[in-house]
Amino acid sequence: MTDRTWSYYMRAQAIQYMVKGFLQSLRLKSAHKQIVSLGAGFDTLFFSLSSEGFLKDTKYFEIDFPEVAKQKASLILQHKELFQGLGKTSAENKQWLGGGIDSEKYTLLGCNLKNRSLLENHLLKCGLDTSLPTLLLSEVVLTYMDPPESSTAIIGWAADFFKSAMFVMFEQVSPHDPFGIKMIDHFKNSIGAPLFATEAFPTRQSQKKRFMEEGWPLVRCPTLNFFYYDTLSEEEKSRLENVEPFDEFEEWHLMCSHYIVLAAFKGICEDICEELFSQLNVGTYDHSSPLKDVQCTVRVMEVLPSRDKLKRQGHTATPLSDGTVFLTGGFGLENGKHMRLDGVQLLRTVEGSFHCGDILPDSERTLGGRMFHTATRLKDDNILLYGGRKSPSNPCEETILLSLHNKHETKPLLCTEDDFTSRVEFSETRYKQTIFTCQGDIPQLRWRHTATHVTLPDGSENVLIFGGRSSSCLALGECYLLNTKSKTWKKFAIRGDAAAPRHSHTACVWDNHVVLAGGLDAGLQALSIVQIMEIDVNSVKLRTLSVDPPLPPRYSHTAHVVDDNLVLIGGVTPISSHPPGVIVLHLKNLTWKSYTLPACLTPSIPLMLHNHCSVCWEDSQGIMVLGGGGNCFSFGTHFNDGPVFLDLSPLREAVAFKCA
């Protein structure tokens with residue numbers, strides 16, 4: 001299942017929740033009602049509601065262009081089961097229907113919404129009663145109207161025309177943040193359907209103000225995220241999660257935060273608002289304003305050779321002791337195609353420039369494509385590759401030890417000037433992979449976990465594994481230590497504060513402890529919690545930091561410890577369409593500052609900081625972000641346009657950049 005499937009499902013669920021809330025309202029229990037669907041297209045909501053018995057006291061009207069109405073009417077009349085559901089139909093040829101249908105229960109009207117006087121006249125001819133409680137429904141319709149003032153006029157017309165009404169509008173918002181830029185480009189350039197009203201009214205606040213100024217006294221404007229978290233039962237969430245393996249959480253949350261279900265009320269329908277939203281946390285998912293913070297200076301870094309500009313996500317970037325960075329796996333570009341990457345690359349600085357080159361295996365066997373794995377540097381500069389997946393139902397089984405070595409090789413070289421062949425010695429870096437066969441408490445196969453290099457008080461070298469997810473569990477909460485010398489796994493019970501199962505979090509070493517931050521829990525809630533893991537030979541104790549005010553929740557971010565400061569970079573949060581920027585939390589006094597990131601670094605190419613990696617460059621007093629982006633099945637795959645450098649110079653006076 002893809003993020004698009006989940007998003008379409010949530011769209012249908014949200015509309016059904018609003019429509020059925022209107023039809024089943026206790027306030028309107030004994031009243032006859034009407035539904036007017038604007039720009040209905042080939043929607044089948046009337047037939048599903050009718051078959052479920054929801055329209056016994058309700059007349060249903062649909063409006064669209066005459067050419068659409070004619071096609072839909074033809075389809076309905078060709079199918080007996082659909083036609084019979086309309087009730088008594090007039091045999092009179094009514095030209096003003098615009099090729100539509102007029103029946104006892106259902107009217108399909110062909111009319112341009114911009115011609116409001118004609119629309120009003122024809123609706124009245126079809127028996128519409130402006131005194132009855134009426135639900136107006138618009139699913140991604142008004143935003144396409146050019147100019148946007150014409151769609152605003154529809155909103156005002158509806159407020160004037162109906163005595164008591166509820167207007168439900170499903171549309172896009174937040175066109176100017178990174179995901180919004182990608183969304184707008186898709187509609188404008190890929191399918192040729194610009195979102196005029198979305199650009200004219202880009203925020204939830206501006207949409208609410210628009211409706212209120214047009215005569216709607218009560219307006220609510222939640223995103224699709226609200227409908228998932230606060231209207232679905234736990235049973236339905238579980239059913240959805242088990243239909244098919246799903247792992248595109250970032251794009252799904254971003255998609256849902258960029259779609260609103262605006263509900264405006266007037267007259268006796270205002271009481272419906274309380275029935276729909278009174279006991280639900282609609283405000284939790286209505287954070288439209290970013291924090292008032294300082295913008296972080298970011299610049300694009302050129303890496304040579306720039307074959308793919310390191311366009312990838314879900315990969316690893318591991319700093320080595322010599323200042324190079326070891327890159328493995330992920331999903332990205334390979335010879336112009338999107339695929340899981342199985343190569344190894346080494347990023348290094350050469351005479352002030354960044355160079356990235358492929359590292360070949362010392363045998364014919366390659367690593368194989370994997371993503372959301374970890375690559376942990378050990379004391380001897382070897383790399384421990386653990387976990388990851390090939391697909392959401394196919395986790396990687398082998399733990400692999402990678403080592404780099406220089407291979408010396410003598411090759412023939414033809415010198416054309418004197419026509420003789422000499423032999424020249426070349427040296428190139430190769431990697432060797434060894435299956436790391438372990439014993440003890442073998443962890444469940446997982447990905448989206450953290451793996452942290454720790455040295456215990458007894459001097460033993462270990463890798464601490466925490467969290468992640470598996471094919472059967474959305475969030476894991478166990479803690480394991482792998483002794484790299486004995487190759488023995490040991491599962492530790494966590495003492496102290498509760499360890500919420502999570503994935504896509506971060507874990508950094510600080511003062512012989514491990515700092516856990518953020519993540520996505522089993523309920524798909526992003527976490528704001530920061531916890532300290534105190535690790536001993538036989539125990540792990542967890543202590544939660546009391547950060548006030550709490551940090552904005554996030555997951556799929558990266559983190560570094562800069563002296564006593566925890567630096568959080570990017571990520572995704574379901575409670576706001578604004579992407580998290582950079583947070584700097586002082587781990588001792590627990591104060592924090594927030595820094596925004598630019599939406600774009602180059603024209604029309606957004607900067608999406610999730611599923612990325614980052615590396616702290618001590619000599620540059622900043623952080624390099626490598627890769628990032630996601631695979632959105634609705635709007636297309638996006639990769640950041642090359643590595644970027646985050647200059648945290650505003651902190652230089654307070655922080656010495658010695659990074660971990």
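About the cut-offs
Residues numbered from 1 in each chain as written. Predicted model: local features only at pLDDT ≥ 70, side-chain atom pairs only at ≥ 80, totals over all residues. Heavy atoms only, no water. Helix = DSSP H or I, 4+ residues; strand = E, 2+ residues; numbered from the N terminus. Contact = heavy atoms within 4.5 Å. Areas by Shrake-Rupley, 256 points an atom, 1.4 Å probe, with all protein chains shown as cover. Lys, Arg positive; Asp, Glu negative; His and termini not counted. Charge placed at Lys NZ, Arg CZ, Asp CG, Glu CD. pLDDT = per-residue confidence, 0-100. Salt bridge = Lys/Arg side-chain N within 4 Å of Asp/Glu carboxyl O. Buried < 20%, exposed > 50% of the residue type's maximum accessible area, 1.4 Å probe, protein only. Domains from an automatic or database assignment. Buried area = accessible area lost by both parts, 1.4 Å probe. Pairing = 2+ DSSP bridges. Phe/Tyr/Trp six-rings, centres within 6.5 Å; stacked < 30°, edge-to-face > 60°. Lys NZ or Arg CZ within 6 Å of the ring centre and 35° of its normal. Disulfide = S-S within 2.5 Å. Arc of directions from axis to C-beta. Axes fitted to C-alpha atoms, helices over the stretch in contact; angles between N-to-C directions. Parallel < 35°, antiparallel > 145°, perpendicular 65-115°, else oblique. Left-handed = near helix turned anticlockwise from the far one by under 90°. Nonpolar A, V, L, I, M, F, W, Y, C, P; charged D, E, K, R; others polar.

S.K.: I'd love a proper account of the overall build of the protein, names of residues and values included.
M.R.: Tallying secondary structure elements over the protein gives 13 helices and 47 strands in all. Across the protein, every contact between residues at least 6 apart in sequence was considered, and the portion connecting residues at least 24 apart equals 67%. Accessible area of the protein: about 28,000 Å², with a carbon and sulfur share of 49%. The distance from the centre of the 64 positive side-chain charges to the centre of the 75 negative ones in the protein is 3 Å.

S.K.: How would you explain the confidence of the model for the protein if you had to name every residue and give the values?
M.R.: In this model, the protein carries a mean pLDDT of 89, and residues with pLDDT of at least 70 account for 91%. In this model residues 654-659 is a low-confidence stretch, pLDDT under 50, and it forms 18 contacts with partners more than four residues away in sequence or in other chains.

S.K.: Kindly report on the pattern of salt bridges, identifying the contributing residues and their values.
M.R.: For the coordinates displayed, the defined rule picks out 20 salt bridges. Notably, a salt bridge pairs Glu-139 with Arg-11, separated by 3.0 Å at the nearest N-O pair. Note that Glu-139 is positioned in strand E5 (residues 134-139) and Arg-11 in helix H1 (residues 3-23), a separation of 128 residues in sequence. Residue Glu-139 is classed as buried on the basis of its relative accessible area, which comes to 18%. Asp-247 is the partner of Arg-389 in a salt bridge, and the nearest nitrogen-oxygen pair spans 2.7 Å. On the criterion of sequence distance, the pair formed by Arg-389 in strand E21 (residues 389-391) and Asp-247 in the loop between helix H11 (234-243) and helix H12 (249-257) is long-range, its members being 142 residues apart. For Arg-389, a relative accessible area of 5% translates into the label buried. For Asp-247, a relative accessible area of 1% puts it in the buried group. Through salt bridges with shared partners, a single network forms among Asp-247, Glu-250, Arg-389, Arg-448 and Arg-469.

S.K.: I'd like a description of the domain arrangement of the protein, backed by residues and values.
M.R.: Entries for the protein in the domain assignment read domain 1 (2-278) and domain 2 (294-410 + 420-651). Computed from C-alpha coordinates alone, the two centres of domain 1 and domain 2 are separated by 43 Å. Each partner contributes to the interface: domain 1 provides 33 residues, whereas domain 2 provides 40 residues. At the boundary of domain 1 with domain 2, total buried surface from both sides reaches about 2,900 Å², with 63% on carbon and sulfur atoms. Three residues stand out in domain 1 for area buried against domain 2, namely Pro-178, Asp-247 and Glu-250, and they jointly supply 22% of the buried area on that side. On the surface where domain 1 and domain 2 come into contact, there are four salt bridges. A salt bridge links Arg-448 to Glu-250; the shortest N-O distance between them is 2.7 Å.

S.K.: An account of the pairing of strand E28 (residues 479-483) is requested, with residue identities and associated values reported.
M.R.: Taking burial as the measure, the five residues of E28 include five buried ones, the bulk of the element. Here E28 shows a buried face lined by Cys-479, Leu-481 and Asn-483 and a second buried face lined by Tyr-480 and Leu-482. Two elements, strand E27 (residues 461-466) and E28, share five bridges in a ladder whose sense is antiparallel. Looking at E28, one finds that Ile-465 is bridged to Tyr-480. Bridge count between E28 and strand E29 (residues 488-492): five bridges; the pairing is antiparallel. When the sheet's bridge partners are listed, Tyr-480 is paired in E29 with Lys-491. Hairpin connection of E28 to E29: four residues between the antiparallel strands, including Lys-487 at a positive phi of 55°.

S.K.: Explain unusual backbone geometry to me, using residue names and the numbers behind them.
M.R.: Omega for the peptide link from Asp-146 to Pro-147 comes to 0°, which places this bond in the cis form. You can see Pro-147 is positioned in the loop between E5 and helix H6 (148-161). The omega torsion of the bond from Asp-548 to Pro-549 falls at 0°, within 30 degrees of zero and hence cis. Within the fold, Pro-549 resides in the loop between strand E36 (540-544) and strand E37 (558-562).

S.K.: Give a description of the packing of aromatic side chains that names residues and reports values.
M.R.: The full count for this structure, using the stated rule, is 25 aromatic pairs. Taken together, a centroid distance of 5.1 Å and an interplanar angle of 90° make the contact between Tyr-228 and Tyr-229 edge-to-face. The class for Tyr-229 is buried, based on a relative accessible area of 7%. With a centroid separation of 5.0 Å and 85° between ring planes, the pair formed by Tyr-228 and Trp-252 is classed as edge-to-face. Note that Tyr-228 is positioned in helix H10 (residues 224-231) and Trp-252 in helix H12, a separation of 24 residues in sequence. Here Tyr-228 matches Trp-252 in class, with each residue buried. For the cation-ring pair, Lys-237 lies above Tyr-228, with the distance from its terminal atom to the ring centre recorded as 5.1 Å.

S.K.: Could you give an account of the state of the cysteines, naming the residues involved and the relevant values?
M.R.: All chains considered together, the criterion is met by zero disulfides. Left without a disulfide partner, Cys-600 is nearest to the cysteine sulfur of Cys-296, which lies 16 Å away. Here Cys-632 stays unpaired: no disulfide links it, and the sulfur of Cys-256, its closest cysteine neighbor, is 11 Å away. Taking the relative accessible area as the measure of exposure, Cys-632 reaches 5% and is therefore buried.

S.K.: How would you summarise helix H9 (residues 204-213) if you had to cite specific residues and measurements?
M.R.: Taken as a whole, H9 has its buried residues at Arg-204, Ser-206, Gln-207, Arg-210 and Phe-211. Axial view of H9: buried residues confined to an arc of 165°, hence all on one face. The exposed residues of H9 that point more than 90 degrees off its buried face are Lys-209 and Glu-213.

S.K.: Quick rundown of helix H13 (residues 270-277)? Include the residues and the values.
M.R.: Inspection of H13 places Ile-272, Cys-273, Leu-276 and Phe-277 among the buried residues, and these make up the whole buried set. Angular distribution of buried residues about the axis of H13 spans 110°; they occupy a single face of the element.

S.K.: I'd like to hear about the packing of helix H5 (residues 116-125) against H6, residue by residue, with values.
M.R.: The geometry of H5 relative to H6 is characterised by a closest axis approach of 12 Å and an angle of 40° between their N-to-C directions. The angle between the axes of H5 and H6 places the two elements in the oblique class. Crossing of H5 over H6 shows right-handed handedness. In this structure, H5 contributes Arg-116, Leu-119, Glu-120, Leu-123 and Leu-124 to the contact, and H6 contributes Ala-153, Ile-154, Trp-157 and Phe-161. When grouped by side-chain class, the residues that make up the contact of H5 with H6 number seven nonpolar, no polar and two charged.

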